[in-house]
Amino acid sequence: MLPKCQRLVRPTLAPSSLRHTRTGFRQISYSRPAPNVALASQDAVPPAPSSNPSTSHAHPNPTLSDTKLPPVTITPPTTTYPPPHVTEYKPVPPLTLARLPKIYMQLSKARLTTLVVLTAMSGVALSPLPATLPVLLGTAAGTALCSATANTINQMIEVPFDAQMARTRNRPLVRKAITPLHAAGFAAVTGVAGPAVLLTFVNPLTAGLGVLNIVLYSGIYTRMKRTSIANTWVGAVVGAIPPVMGWTACNGRLWPSPTSPIELFPPPFLDFTSSIASYFPDLVHIAGTADSPLGAFTLFMLLFSWQFPHFNSLAHLVRTSYAQGGYKMLPVTDPKKNALVSLRHTALLAGVCTVLTPLSGLTTWAFAATSAVPNAILLANAWKFWRRPGDKEARRLWHNSLWWLPVTLALMMVHKQGASWLEWIGLAEAEKHDEKEKEREAATADTPE
């Protein structure tokens, strides 16, 4: 039997040592200190063998009694609990009037709502029909309220699923910064005010499109996210309606008729559209006014196709969160097809900008040339994402889609059909005045004295 000083004391696990452990026991507390056990940071010296003859005779094997046992080294745990990425618990502060605007902005998804309003304003700006200031402000305010309603209802439905996703677990309803009843009241107020503003200051058609967008996003798209990958296409329709709302706000037409036919603006060197007009003389005209239903369809297709390279690349980056929340998204089920869909619609975007936009009369044919550079950059990144659907390629495609939309809309404004920016800023009148002065000087010089 070993001397008492050389015996290893059997450790007993205290209740505190079992708390907050994820894998195995990381902390061990001993019932009494063991003289032969030392931490790695201490220079422990093994005890000398006992010289008591009564103790030494107790061992039948003298070899064991003379053996010096090495110290047992226990390394501190390398991981701590809670994990570093988990923030400490903080009580939710009370809801005050000062914090209420921020909560409402989070419920409305302020950045997404801002993008929706800007795309709606692009429809107003590109329309050939005039718009008054009340119509412009009413379209912006009504579209923002409709977007806030749809986003709030979306968050109310997805509370249990947002709580499982790292990127959405800090939303107001998840962390109980606002009660569901309060959020429902906010959605009800904005849901009534948005269409009412559009109906009062704009027209019934634009108000109806606003209601349709609320139903599509909060009622259909939100439900389909957990059932079918077709939810992405429904969401693209939701994002493509705001510029059409801007078009109809100026009393633009959506459907061809004898009173509002489709106007085609072929390039100067081609006349292939005359044959199309001959088949539909009442519905298709050549080079008339730019107030054509084809303009609304062009704006719809531009925003519809843009959302696939934009959203699919972003969804690829957060596909783990979608899988945690149980959402049936294309990057979760089939990442390769997700990249292929992005490539298809990026190629379609190039066709919309090169052919459909100038043919509809929204812009001149010079837009087909100036938009070729951003289209080529976006298409190249979509091709790389399809060849290798990785996070690096997805992030690059997403970043390029962010600047592509405002740049393309700005180029459309520069090349707007019938717009003379030189006259608008006053340079064209100055040029005409200089030409008249030169003509007068030339006439004066030719007259005999």
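Each remark here, short or long, concerns the structure printed above.
So, here's what we can say about the structure. All values derive from a computational prediction rather than experimental measurement. (Residues numbered from 1 in each chain as written. Predicted model: local features only at pLDDT ≥ 70, side-chain atom pairs only at ≥ 80, totals over all residues. Heavy atoms only, no water.)

1. A few points about the environment of Leu-107
Piece 1. In this fold, Leu-107 is placed in helix α3 (residues 100–108).
Piece 2. With relative accessibility at 0%, the residue Leu-107 sits in the buried group.
Piece 3. Considered as a pair, Leu-107 and Leu-173 are 66 residues apart in the sequence and their alpha carbons are 8.4 Å apart.
Piece 4. With sequence-adjacent residues up to four places away left out, Leu-107 is seen in contact with Ala-148, Asn-151, Thr-152, Gln-155, Pro-172, Leu-173, Ile-178, Ala-183 and Phe-186. (Helix = DSSP H or I, 4+ residues; strand = E, 2+ residues; numbered from the N terminus. Buried < 20%, exposed > 50% of the residue type's maximum accessible area, 1.4 Å probe, protein only. Contact = heavy atoms within 4.5 Å.)

2. With respect to the packing of helix α5 (residues 133–157) against helix α7 (residues 180–201)
Piece 1. Relative to each other, α5 and α7 sit at 155°, their axes nearing to 8 Å. Taken as axis vectors, α5 and α7 run roughly antiparallel relative to one another. Of the two elements, α5 crosses α7, and the hand of that crossing is left-handed.
Piece 2. Considered class by class, the residues forming the contact of α5 with α7 number 18 nonpolar, 9 polar and no charged. (Axes fitted to C-alpha atoms, helices over the stretch in contact; angles between N-to-C directions. Parallel < 35°, antiparallel > 145°, perpendicular 65-115°, else oblique. Left-handed = near helix turned anticlockwise from the far one by under 90°. Nonpolar A, V, L, I, M, F, W, Y, C, P; charged D, E, K, R; others polar.)

3. A look at the packing of aromatic side chains
Piece 1. By the definition in use, this model includes 8 aromatic pairs.
Piece 2. Consider the rings of Tyr-217 and Tyr-221, whose centres lie 5.3 Å apart with planes at 25°: the pair is stacked. With Tyr-217 and Tyr-221 both in helix α8 (residues 204–224), this residue pair falls 4 residues apart, about one helical turn.
Piece 3. On the basis of an interplanar angle of 10° and a centroid distance of 5.9 Å, the ring pair of Phe-300 and Phe-304 is categorised as stacked. Separated by 4 residues within a single helix, Phe-300 and Phe-304 lie in helix α11 (residues 293–317), roughly one turn from each other.
Piece 4. For Phe-300, a relative accessible area of 21% puts it in the partly exposed group.
Piece 5. Grouped by ring-pair contacts, the aromatic residues Trp-233, Phe-300, Phe-304 and Phe-308 constitute a single cluster.
Piece 6. Its guanidinium or amino end placed over the ring of Phe-161, Arg-226 lies 3.6 Å from that ring's centre, counting from NZ or CZ. (Phe/Tyr/Trp six-rings, centres within 6.5 Å; stacked < 30°, edge-to-face > 60°. Lys NZ or Arg CZ within 6 Å of the ring centre and 35° of its normal.)

4. Considering α11
Piece 1. With 25 residues, α11 ought to run about 36 Å at 1.5 Å a step, and its terminal C-alpha atoms sit 37 Å apart, in line with that.
Piece 2. Along α11, the sharpest kink reaches roughly 25°, centred on Gln-307 and followed within four residues by the proline Pro-309. (Expected span 1.5 Å × (residues − 1). Bend = angle between axes of the 7 residues up to and from the residue.)

5. Brief notes about the environment of Trp-365
Piece 1. Note that Trp-365 resides in the loop between α14 (335–360) and α15 (366–370).
Piece 2. On the basis of relative accessible area, Trp-365 is assigned to the partly exposed category, the value being 26%.
Piece 3. Once the C-alpha coordinates of Trp-365 and Thr-354 are considered, the two residues, 11 residues apart in sequence, prove to be 8.1 Å apart.
Piece 4. When sequence neighbours within four positions are dropped, the list of residues in contact with Trp-365 reads Phe-265, Pro-266, Pro-267, Thr-354, Val-355, Pro-358 and Leu-359.

6. Looking at a nonpolar patch on the surface
Piece 1. Nonpolar side chains collect at one region of the surface, where Val-373, Ile-377, Trp-403 and Val-407 lie side by side and expose about 300 Å² of accessible area between them.
Piece 2. Structurally, the position occupied by Val-407 is in helix α17 (residues 391–414). (Patch = residues over 30% accessible without salt bridge, like charges linked within 9 Å, V, L, I, M, F, W, Y side chains within 5 Å. Areas by Shrake-Rupley, 256 points an atom, 1.4 Å probe, with all protein chains shown as cover. Salt bridge = Lys/Arg side-chain N within 4 Å of Asp/Glu carboxyl O.)

7. Some remarks on the pattern of salt bridges
Piece 1. Tallied over the entire structure, the rule returns 4 salt bridges.
Piece 2. In this structure, Arg-171 engages Asp-162 in a salt bridge whose closest nitrogen and oxygen atoms are separated by 3.1 Å. Here Arg-171 and Asp-162 have matching classes, each one buried.
Piece 3. In this structure, Arg-388 and Glu-393 form a salt bridge, with 3.1 Å as the shortest nitrogen-oxygen distance.

8. Observations regarding the nonpolar core
Piece 1. Grouped together as the largest cluster of nonpolar side chains are 35 residues, with contacts concentrated most on Leu-302, Trp-404 and Met-412.
Piece 2. Residue assignment for this core shows that the elements contributing at least two residues are α9 (231–249), α11, α14, α16 (372–387) and α17.
Piece 3. If one sorts the elements of this core by residue count, α11 sits on top with 9 residues.
Piece 4. Dropping the residues within four chain positions of it, Leu-302 is found in contact with Leu-349, Val-352, Cys-353, Trp-404, Leu-409 and Met-412.
Piece 5. Among the nonpolar cores identified, the runner-up in size contains 30 residues, and Ala-207, Tyr-217, Val-244 and Cys-250 belong to it. (Core = buried A, V, L, I, M, F, W, Y, C linked by side-chain atoms within 4.5 Å.)

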